[in-house]
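Spelled out, the chains give:
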Amino acid sequence: SYYLYERTRELLEKNPEKNYLIIYADISDFKMINDVYGYSFGDFALQRVAEWVSEEISENSVCGRLGGDTFGVCLPEEEFDQKRTERKLSDFPVDDGTNRHHLLIHIGIYRVTNRETDVSVMFDRAHMAVSTIKEEYHITAAWYDEEMRNQVLLNRQISAELKDAIWQGQIRPW
């Protein structure tokens, strides 16, 4: 992911006049794919997704594997066709000649508004967006907004306060 982050930072610096999106793509239930079809099919599926992402982006974009079953993309906003992308991601067939499976891929989208924001934070925000639809099968894309960030911060605050209350004996778990 460091290489992708560095290439993204360079792309944003070289093109200050362009509006960019950060996309965090996550293959749903990938562990199940490995368990049912085996690791060689899982690796084949990852290669197919990587090939598709590489074919879909222009020379004005960068992409890479973030780890496991996740990929990252930075592309100019005007090159992103959400409807076409969602159609493909909702039914992504993978066939290695022996097994055939239709992947469901979710994406989180972050609009780059402040280029001073660390690139890793931009990808984290796109990841935050995708995490809101992880269990959805009829929604494949989610856009990041500040409300998501505020909700995460509130949840963390509540968790911290709950832990403190339990520690101080104000709440007793049964």
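Residues numbered from 1 in each chain as written. Predicted model: local features only at pLDDT ≥ 70, side-chain atom pairs only at ≥ 80, totals over all residues. Heavy atoms only, no water.

### With respect to the environment of Val119
Okay, step 1: If you trace the backbone, Val119 turns up in helix α5 (residues 119–131).
Okay, step 2: The exposure class assigned to Val119 is buried, which follows from its relative accessible area of 8%.
Okay, step 3: Residues Val119 and Glu161 lie 42 residues apart in sequence; the distance between their C-alpha atoms is 30 Å.
Okay, step 4: Non-local contacts of Val119, meaning those with residues more than four positions away in its chain, are made with Tyr5, Thr8 and Arg9. (Helix = DSSP H or I, 4+ residues; strand = E, 2+ residues; numbered from the N terminus. Buried < 20%, exposed > 50% of the residue type's maximum accessible area, 1.4 Å probe, protein only. Contact = heavy atoms within 4.5 Å.)

### Regarding the pattern of salt bridges
Okay, step 1: In the structure shown here, the tally under the stated rule is 9 salt bridges.
Okay, step 2: Arg100 is the partner of Asp95 in a salt bridge, and the nearest nitrogen-oxygen pair spans 3.7 Å.
Okay, step 3: When salt bridges that share partners are traced, they join Glu6, Arg9 and Glu13 into one network. (Salt bridge = Lys/Arg side-chain N within 4 Å of Asp/Glu carboxyl O.)

### A short note on helix α1 (residues 2–14)
Since one α-helical turn is 3.6 residues long, residues separated by three or four positions face the same way.
Okay, step 1: Between its first and last C-alpha, α1 extends 18 Å over 13 residues, near the 18 Å set by a 1.5 Å rise per residue.
Okay, step 2: Residues of α1 that are buried sit in contact with β1 (20–27), β2 (62–67), β3 (70–76) and α5. (Expected span 1.5 Å × (residues − 1).)

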